[in-house]
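Residue-level structure breakdown
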Amino acid sequence: MVEYRDIIVLFILLLLLFISLLNGVLAYKRTHFPIYGDLLSLSPLNNKEIFFLLIAEEMIWLIFQNVGFLLSILIFLYWLMSISIFSFLLFSIVIILSMAFMFTLGNICWGRYQIYKIQKKIGFIRFMIYLLNACLFMSFGFLISHTLAFIIKTFRAHFHYFDQLMNDQFYESLLGIFKNEFILFIFQLINKIYQFSIYTFITSFIKSENVFSYILGIVIIIFLLYLLKYFTPIYGDNQFIKKSLFHHDYLYIYTKIVNKVFNRNHNAIFHKELIILNKSRWIISPGVFSIIFYTFESFFYLGVLLGIGVNMTNDPMFIALLLLFNAMIMIMHCYDIVSEFPQIFFLSSEGKNIEFIRSSPIGIQQLFEAKIRLLHAVLTIPMVISFSFSCFLLLYTKNFNLLTIILLISILLIMYFISPMIQLYMAPYYAKFNFDDIQEVGSTYEEKELHIRSQSVPRYIILIPALIFSFLNIFFPFYQYIPFIHIIYFVAIFLPALIYLIVSKKIINKGLYKLERRIF
């Protein structure tokens, strides 16, 4: 017989280990390329001691941020396991040490992998790996969309009038259908997990309440943590990578093409931005194809849109959702790359050079325009991909006509122009230039919070009304009574975007005027 409490305990333990691994991965820059790395490399501590001090700092900060969540999970586990308090204390030590091991392991493995990617040329194999991951994200989006489509169609097939919502038999009939499709699969999966030998070993270890077993587990994990010291980074080499690495590869070719296409007037500031982009490969190399082509989040949205296209029967509503998703993809793509690489796209990245630029004939205005132009260059290929994929869907759904193409191009063009401005229109107000290391750019609480909040305002105004209406139409298809719903969606997206384009220019000019006169 399956012990569902054991399944829940195992799931929680795996979740804690996965969260620890993920947080270790996300912290790799702060441990492998630490701020003040030059000073650390000159300290009397060796590489191993520096690394484990940085790891300890990251883990302590993570625990302090999530102490309530961790205590709640431990209390819930104690209630589920029904073992003595002393045994559970020992088991808790095993859990915490296991989380520390997974955090450190994830940090080391991901850090070494990223350093390997930075050192090597950006070539065909990296591109193929990127395409494989893109296909996985797109497939995941399609699977979710296709599954939700089945649920929605089932609901609509059985829902005829609002009084049914108060009828228990209506919900019982729906649950019966969903059980046949989904719950059976979940039960079969649980039974397979229960029969798995590792599961049996873990549950036996938990239930044994053998003090010796817990102590042995603690000793083994400490030994494994000790072994990780042989894989710690060499900080002198990492600092060298940041300063001197250069390759004639895809990134170099990309910057040359961008310079030729977008810098025909030979603007010195824009050329400088491209040089910085090419020389900052230690920052952007791990995610370079997300800049050049598409982020994985955007591929996920394409998968969702594909699922909608396969299952949608109402053509005007499908065109409306196509326009909405294209607008969302363009805005979110720009947000993702600016948030991921503030050292390239934030005004703050100029640092102390801002004084020279401000006092020069060029001025800060041209610097800001160069940042916007760089983002326009970055958005060009994603816009072409979005347009091509949308045309394929329109052909597949037999909605390819002059009107839909005009609507699609209009949405893509307005998003192409406003997406960089959404991310940077408030940059002159919150930019900070007094940093010592480039990694500090975009890392302060003020910059992160102000950037997130400022860009969210126009994004919400442009996208949220259409998204809310789309969500309501999932279960209550009002769109069936609106014949030109795609035109309404177009106006609801395009008009606020156009108004924002006009207003944002005034906000930017005022911000740049104040920035020119700010005392640094």
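Residues numbered from 1 in each chain as written. Predicted model: local features only at pLDDT ≥ 70, side-chain atom pairs only at ≥ 80, totals over all residues. Heavy atoms only, no water.

1. Focus: the packing of helix α17 (residues 315-340) against helix α24 (residues 485-516)
- For the pair α17 and α24, the least separation of the axes is 7 Å and the interaxial angle reads 20°. Of the possible angle classes, the one that applies to α17 and α24 is roughly parallel. Remark: the crossing between α17 and α24 carries right-handed chirality. Between α17, through Pro316, Met317, Ile319, Ala320, Leu323, Leu324 and Ala327, and α24, the contact on the second element is made entirely by Ile485, His486, Tyr489, Phe490 and Ile493. (Axes fitted to C-alpha atoms, helices over the stretch in contact; angles between N-to-C directions. Helix = DSSP H or I, 4+ residues; strand = E, 2+ residues; numbered from the N terminus. Parallel < 35°, antiparallel > 145°, perpendicular 65-115°, else oblique. Left-handed = near helix turned anticlockwise from the far one by under 90°. Contact = heavy atoms within 4.5 Å.)

2. As for the packing of aromatic side chains
- Taken as a whole, this structure holds 23 aromatic pairs when the rule is applied.
- Here Tyr130 and Phe299 contribute two aromatic rings whose centre-to-centre distance is 6.1 Å and whose plane-to-plane angle is 70°, an arrangement assigned as edge-to-face. Highlighted residues: Tyr130 in helix α7 (residues 124-158) and Phe299 in helix α16 (residues 296-311), separated in sequence by 169 residues. For the pair Tyr130 and Phe299, one class covers both residues: buried.
- Both rings, one in Phe140 and one in Phe300, keep their centres 5.8 Å apart while their planes meet at 40°; by these two values the pair is tilted. Separated by 160 residues along the polypeptide, Phe140 in helix α7 and Phe300 in helix α16 bring together distant segments of the chain.
- On the basis of relative accessible area, Phe140 is assigned to the partly exposed category, the value being 47%.
- What makes Phe300 partly exposed here is its relative accessible area of 21%.
- Clustering of aromatic rings is evident, with ring pairs tying together Phe127, Tyr130, Phe137, Tyr250, Phe289, Phe293, Tyr294, Phe296 and Phe299. (Phe/Tyr/Trp six-rings, centres within 6.5 Å; stacked < 30°, edge-to-face > 60°. Buried < 20%, exposed > 50% of the residue type's maximum accessible area, 1.4 Å probe, protein only.)

3. Examining the nonpolar core
- Counting residues in each nonpolar core, the largest one holds 103 residues, and the members touching the most others are Ile284, Phe345, Met415, Ile418 and Ile462.
- In terms of residue count, the dominant contributor to this core is α17 (19 residues).
- Filtering out sequence-adjacent residues up to four positions away, Ile284 remains in contact with Leu251, Leu277, Ile291, Phe341 and Ile344.
- Formed by 35 residues, the second largest nonpolar core is a distinct cluster that contains Leu16, Phe88, Leu90 and Leu228. (Core = buried A, V, L, I, M, F, W, Y, C linked by side-chain atoms within 4.5 Å.)

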